[in-house]
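# Working through the structure, step by step
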Amino acid sequence: MGLLYLGTPLAWEEAKKYADHVRYHGITQFLHIWDRLKDRTGDELLWGDEIEYMVVSFDNEEKNAKLSLRQTEILAKLNAIVNDICADCPENVSVPKFHPEYGRYMLESTPGAPYTGSIPDLLSVENNMRYRRNLARKHLKPNEVPLTFTSFPRLGVPGQFTEPYFSPSDAISSHSLFLPEEVTNPHARFPTLTANIRTRRGSKVAINLPIFVDEKTPRPFIDPTIPWGRSLYPEDQEAKNGAALPDHIYLDAMGFGMGCCCLQLTFQACNVTDARRMYDGLIPIGPILLALTAASPIWRGYLADVDCRWNVIAGSVDDRTEEERGLKPLKSDSFRIPKSRYDSVDLYLSTDWINRPEYNDNYLPYDESIYQRLRDHGIDDLLSKHISHLFIRDPLVIFSETIDQDDAESSDHFENIQSTNWQTLRFKPPPPNSTIGWRVEFRSMEVQLTDFENAAFAVFVVLLSRAILNFNLNLYIPISKVDENMARAQQRDASRSGRFYFRKDIYPAGRSAASSVTSSSGSTSPINGTPLKKDKKMRNCFPPPPLPENGFRHYRPVEEEYEEMSMNEIMNGKGDSFPGLLRLVYDYLDTLEIEPDDLAKIEKYLDLVRLRSNGSLSTSATWIRNFVRSHPAYKHDSVVSQEINYDLLLAVDEIERGVRHAPNLLPEDYKGGNKEQGSIGL
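About the criteria used
Residues numbered from 1 in each chain as written. Predicted model: local features only at pLDDT ≥ 70, side-chain atom pairs only at ≥ 80, totals over all residues. Heavy atoms only, no water. Helix = DSSP H or I, 4+ residues; strand = E, 2+ residues; numbered from the N terminus. Rg over C-alpha atoms; globule rule 2.2 N^0.38 Å. Buried < 20%, exposed > 50% of the residue type's maximum accessible area, 1.4 Å probe, protein only. Contact = heavy atoms within 4.5 Å. Phe/Tyr/Trp six-rings, centres within 6.5 Å; stacked < 30°, edge-to-face > 60°. Lys NZ or Arg CZ within 6 Å of the ring centre and 35° of its normal. Disulfide = S-S within 2.5 Å. Salt bridge = Lys/Arg side-chain N within 4 Å of Asp/Glu carboxyl O. Expected span 1.5 Å × (residues − 1). Pairing = 2+ DSSP bridges.

## A look at the overall build of the chain
Secondary structure summary: the chain contains 22 helices and 17 strands in total. Over its C-alpha atoms the chain spans a radius of gyration of 25 Å, differing by no more than 12% from the 26 Å that the globule rule assigns to 682 residues. With the principal axes as the frame, the chain shows a C-alpha extent of 80 × 60 × 60 Å. Buried positions account for 62% of the 682 residues belonging to the chain. Excluding contacts between residues fewer than 6 apart, the proportion of contacts in the chain whose partners are at least 24 apart in sequence is 78%.

Structure below.
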């Protein structure tokens, strides 16, 4: 979550008058950044994670786990503590940072400084995450716990699910039937964002998740917990007028999506070209790791027939009008927009020859005047389309104090629109007057229950990003197939039983699956019998993909380049025909100079990924679903009661701390937070 302005946010009717102003000056700001930094190169690998927690309050007498709405108080205490810790820190020690998030029960944490490409930094990730969690835990109430849990299972149920209790009748920004105003961060940005999405759309958001049909689930399932007869706000009639579907769990507010927790990673690239190459390389990985980190099978007190949060968040901020959604002919609006502003990536960006035009096969609405302005400024076709596509969206929150800006010194208008296009990846230009370079943010993963798991996936992704760049791997498939993979990734048990489109031949031109990848740049293949020197840290600058030896850039139809694979095949390989992503990571590790003990630690993380992907260990979603269905109080009717929820979240905390064994979820030698408190090097 970025800087929160102290100012006066404009309601939608006033804000929309300035939409073109923000767009015009946002593009001007981007062009200033481009002119200054398009040729910047040589930046080292700096990267970091963002972990989101929900603070849960346990009422042991009532056996009720509730969301603690003390975010403001908790953050004030944590930030004071952090400042005290840092007063005498040596220069090489940075104390973690805590930030507000949309939900008043949420905390976001980041490392105090970015990790570098060094092996010690790579191995410090889990310790850093543990330190952050334990620092937060020490300064909560005795009955409060910071959980890395994607979606609170009973958010929006009748009765008390927050501490303290508030009624949904006062939901003045969302008009939700289920969520009170007080679940939202009170900073003016958040209720304004919520209200402006609803007003611009012309109705409340409407999300419908298929109910998980168990032995005693009523058929058809008509949710008895929806207050069908409420008549406080004009939109209260929407549920019974068709917004709430039979056999589905109905959600009607931004808080159901933006109140979810996730794990996000950001990587600084060597230059803008490498950033675009890394962005493209990770696009097909987004849905694969969404499925592998699936962790959210319960919504509003019911088991759903999905395992992931993605479509919930997409629906929760879908501000498109009926015309933009294609429900009515275009009259007042300019574009038919196929997706919510929170969704999967729409366009590959690299200008490398391996990015065939056929891969960008989705309909892409973009603002032609902005596109032409960018092209006239010398920006290439793909990046111009990317920016002008993002800028078909309206700015949702405008502060009166920031309408007029110095476009050479600020990027706030650009970021107003850029940062509210929430996609599986984000291509991030450098901020003005900063030492930060061109970056890529990887955003699809669900947060895991333990710091070990979150560290494992963070380590895997950073190593995979290096392998993609170092070996010039080609992972391109059509964007439409990536979208199909996103849909498949959210299905129940997708990681174990689903199949995903993936590229068959991922090696550079002229190479084969049977040949050793490690003869690419930065490799360890011997020359005249002498092994090449290994790198002591992960590099960040790489040569572009070589042109094919035979001069033919493309030699077969795109449809023949990919096939459906299982998660196990994608991650662990298919014999000689496809190496698997883990093999590529191991090949990359072979280019680094790593002590045996350090390599063994890295391999523990990769083993978790391997065991999850071959089905030996469950995803968090499967483990949660099985816990509910085996609970003595579960009536096989899809309902997750207060008692079940209490026991579930208590078990999650015990697992994280290492006092409860979870052999189907974690490796046998998992120790937990009680034995490994974490460290930042103090």
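From this point on, the discussion continues.
## Comments concerning the packing of aromatic side chains
Per the counting criterion, the structure on display carries 25 aromatic pairs. Each ring, one from Phe502 and one from Phe578, has its centre 5.8 Å from the other, and the planes form 80 degrees; the classification is edge-to-face. Taken as a pair, Phe502 in strand β16 (residues 499-503) and Phe578 in the loop between α18 (567-572) and α19 (581-589) lie far apart in primary sequence, 76 residues in all. Phe502 gets classed as buried once you look at its relative accessible area, which sits at 1%. Overall, Phe578 belongs to the buried group, its relative accessible area being 1%. Through pairs of rings, three or more aromatic residues link up here, namely Phe30, Trp34, Tyr279, Phe391, Phe414, Phe427 and Trp438. Its end group placed over the ring of Tyr24, Arg373 keeps NZ or CZ at 4.1 Å from the ring centre.

## Overview of the state of the cysteines
Per the stated rule, a full pass over the model turns up 1 disulfide. The disulfide bridge from Cys270 ends at Cys541, spanning 2.0 Å between sulfur atoms. One quick way to see it: the torsion about the S-S bond of Cys270 and Cys541 is about 90 degrees, and its sign makes the bridge right-handed. You can see Cys270 sitting in the loop between β9 (263-268) and α9 (272-282) and its partner Cys541 sitting in the loop between β16 and β17 (562-566), a full 271 residues away along the chain. Free of any disulfide, Cys260 has its nearest cysteine sulfur in Cys261, 7.4 Å distant. Not part of a disulfide, Cys262 finds its nearest cysteine sulfur in Cys261, a span of 7.6 Å. Relative accessible area serves as the criterion here: at 5%, Cys262 is assigned to the buried category.

## A word on the pattern of salt bridges
Applying the stated criterion to the full structure yields 58 salt bridges. With its nearest N and O atoms 2.8 Å apart, the salt bridge here joins Asp394 to Arg23. Of this pair, Asp394 sits in the loop between α13 (381-390) and α14 (412-418) while Arg23 sits in helix α2 (residues 19-37), and the two are 371 residues apart along the sequence. For Glu235, the salt bridge goes to Arg198, with nearest N and O atoms at 3.1 Å. You can see Glu235 sitting in the loop between β7 (207-210) and α7 (239-243) and its partner Arg198 sitting in helix α6 (residues 189-201), a full 37 residues away along the chain.

## Looking at helix α5 (residues 125-138)
With 14 residues, α5 extends 20 Å from end C-alpha to end C-alpha; this agrees with the ideal 20 Å at 1.5 Å per step. With 12 of 14 residues buried, α5 lies mostly within the body of the structure.

## Digging into the environment of Phe149
You can see Phe149 is positioned in the loop between β5 (144-147) and β6 (162-163). Residues Phe149 and Thr321, 172 residues apart in the sequence, show an inter-C-alpha distance of 32 Å.

## Things to note about the pairing of strand β14 (residues 425-428)
Neither face of β14 is left uncovered, since the one carrying Leu425 and Phe427 and the one carrying Arg426 and Lys428 both have all their residues buried. As defined by bridge partners, β14 adjoins strand β15 (residues 439-442) across 4 bridges and the pair is classed as antiparallel. Within β15, the position partnered with Arg426 by the bridge is Glu441.

## Describing the environment of Gly326
Take Gly326: it is sitting in the loop between α11 (310-316) and β12 (342-343). Take Gly326: its relative accessible area is 42%, and that puts it in the partly exposed class. Considered as a pair, Gly326 and Arg439 are 113 residues apart in the sequence and their alpha carbons are 34 Å apart.

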